[in-house]
Amino acid sequence: IFPDSMADLFGRWVPAEQLQAVLDVMCEAEQHTFISLTKNAPRLLGVGAFPANLWLGVSSPPDHMWGERLTQTQQQKMLRRSLEVLSNFPDRTTWVSIEPLSWDVSTIVAAYSTALDWAVIGAASNGARTYQPEPAHVRALLEVLDRQNVPVFYKGNLKGNAAAQPWREEFPG
């Protein structure tokens, strides 16, 4: 169950009590697996305990955030920090959503070889229009993830990308 697919449960604007209420419900529903995704990875470090049935995920840095274009340096720093944070949770499933894959993240992902249990790769989209990643960026990332034995799931908007062959729908397991 993906309770924050179009939100950010760990966003700085989410009150601690609200966050805890959601985590408590996850604990009560132990028969389910929940996946969460945040652009605010450092907040994960301040949560006392996570439900055992929650997969912790981070989003790769966007090209724009809070109405401002992020520089390449800012994006790199944010991705490094997010993967560093995930490295603090070796006892649970951790994952990254790299959507859109708009630059070559492979070197940074390679530097955090124990941070990930799963990766999702996708294109940028604006309504029905998609902007495909450079095939070389996809290939370089796949080489790193394959060396790290990290399963990969392709988002449906990756259609037409030659580097996305064969199609992958792998899950941690």
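As shown above, the structure is provided for reference.
Described in the following lines is the structure provided in the data block.

Calculation rules
- Residues numbered from 1 in each chain as written.
- Predicted model: local features only at pLDDT ≥ 70, side-chain atom pairs only at ≥ 80, totals over all residues.
- Heavy atoms only, no water.
- Salt bridge = Lys/Arg side-chain N within 4 Å of Asp/Glu carboxyl O.
- Helix = DSSP H or I, 4+ residues; strand = E, 2+ residues; numbered from the N terminus.
- Buried < 20%, exposed > 50% of the residue type's maximum accessible area, 1.4 Å probe, protein only.
- 1 Å grid on protein atoms, 1.4 Å probe; cavity = no way out; pocket = protein on both sides within 12 Å on 5 of 7 lines; lining within 4 Å.
- Points joined across faces, edges and corners; volume = space filled by probe spheres on them.
- Nonpolar A, V, L, I, M, F, W, Y, C, P; charged D, E, K, R; others polar.
- Pairing = 2+ DSSP bridges.

## Focus: the pattern of salt bridges
Close approach of charged atoms allows side chains of opposite charge to pair. Scanning the entire structure with this criterion turns up 3 salt bridges. With a shortest N-O distance of 2.8 Å, Arg81 and Glu84 are connected by a salt bridge. Of this pair, Arg81 and Glu84 are both found in helix α2 (residues 72-86), 3 residues apart, which corresponds to roughly one turn of the helix. Judged by relative accessible area, Glu84 falls into the partly exposed class, the value being 37%.

## With respect to unusual backbone geometry
Backbone torsion omega between Glu99 and Pro100 reads 5°, so that peptide bond is classified as cis. Checked against the element boundaries, Pro100 lands in the loop between β5 (94-98) and α3 (106-110). One non-glycine residue with positive phi stands out, namely Asn149, at about 60°. Tracing the backbone shows Asn149 in the loop between α4 (135-147) and β9 (152-154).

## Comments concerning the layout of surface pockets
By volume, the largest pocket is sized at about 810 Å³. Lining the largest pocket we find 37 residues, and of these Leu37, Thr38, Lys39, Ser59 and Ser60 sit closest to its centre. Those elements that place two or more of their residues in the lining of the largest pocket are β1 (34-38), α2, β5, β6 (118-121) and β7 (124-126). Here the residues of the lining of the largest pocket are counted per class, giving 19 nonpolar, 10 polar and 8 charged.

## Concerning the pairing of β6
Both faces of β6 are covered, namely the face carrying Trp118 and Val120 and the face carrying Ala119 and Ile121. Here β5 pairs with β6 via 4 bridges, running parallel. Paired with Trp95 across the two strands is Trp118, which belongs to β6. By the bridge criterion, 3 bridges tie β6 to β9 in an arrangement that is parallel. In the strand pairing of β9, Val120 is matched with Phe153.

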